[in-house]
Amino acid sequence: MSAPYILVLFYSRNGSTSEMARQIARGVELGGMEARLRTVPAISSEIEAVAPSIPEQGCLYASLDDLKNCSGLALGSPTRFGNMAAPLKYFLDGTSTLWLTGALVGKPASVFTSTASLHGGQETTLMSMLLPLLHHGMLVAGLPYSEAALLETSGGGTPYGASHHAGADGKRALDQHEITLCRALGQRLAKTALLLETPRG
Ligand SMILES: Cc1cc2nc3c(=O)[nH]c(=O)nc-3n(C[C@H](O)[C@H](O)[C@H](O)COP(=O)(O)O)c2cc1C
């Protein structure tokens, strides 16, 4: 059996959400747990799969077992029309066997997103990503205002989860507040998972 881990599951086309995932994974490690970074493949309108089962670069694709066996989940997506991206939704739509068995009930979960515009739907996307996780019975871990960066940021960062303003060209790097909040979210998730896994005597 593998060591307990937090699954950092994300989709990213141009790298911004992927960079957030790396910072969240760092936070998970600072919180004392292993982070398992996984992505999902792009989807196409073709009926047959058109991509290799192992990506040419970057993280491996997530399996249902990665999700089933995690101690907690950080779920990340670029904002697309104020909502999560279809490839991630497609993966989640394939998790009904986990729902039927209650495999994720009681596990902590957090969400993160990246946008082109500062007010282009970060909060709506984060909230939409929480909906399926609540159906799965997961426990939501957001960002508390005791994180000073939440009040100081002029970029991303919300109480609903971590966010990043990547700019119109998608090239704006994560600023220090966004990094701090990504790490804080990962750390909080790891610490919560550890508390929940501690046997009660
Ligand atoms: C189809 C589509 C829809 C998008 N919708 C939004 C949107 O509603 N609001 C916004 O600010 N950015 C929107 N974007 C921009 C992406 O959210 C943004 O570039 C994000 O940082 C990409 O993340 P990635 O680098 O991880 O792929 C959209 C991009 C695409 C391709």
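A. A look at the packing of aromatic side chains. Enumeration over the complete set of coordinates arrives at zero aromatic pairs. One Lys or Arg, Arg-36, reaches over the ring of Tyr-5 and ends 3.8 Å from the middle of that ring.

B. Region of interest: unusual backbone geometry. One non-glycine residue with positive phi stands out, namely Phe-81, at about 50 degrees. Summarising the element assignment, Phe-81 is placed in the loop between strand S3 (72-80) and strand S4 (83-84).

C. Main features of the pairing of S3. Of all nine residues in S3, eight are buried, a share of seventy percent or more. Here strand S1 (residues 5-10) pairs with S3 via five bridges, running parallel. Residue pairing for S3: Phe-10 is matched across the bridge by Gly-76. Across six bridges, the pairing between S3 and strand S5 (residues 108-115) is parallel. Pairing of Ala-74 across the sheet is with Ser-110, part of S5. In terms of strand pairing, S3 meets S4 through two bridges, oriented antiparallel. The residue of S4 that forms the bridge with Thr-79 is Met-84.

Thresholds, definitions, all that
- Residues numbered from 1 in each chain as written.
- Predicted model: local features only at pLDDT ≥ 70, side-chain atom pairs only at ≥ 80, totals over all residues.
- Heavy atoms only, no water.
- Phe/Tyr/Trp six-rings, centres within 6.5 Å; stacked < 30°, edge-to-face > 60°.
- Lys NZ or Arg CZ within 6 Å of the ring centre and 35° of its normal.
- Helix = DSSP H or I, 4+ residues; strand = E, 2+ residues; numbered from the N terminus.
- Buried < 20%, exposed > 50% of the residue type's maximum accessible area, 1.4 Å probe, protein only.
- Pairing = 2+ DSSP bridges.

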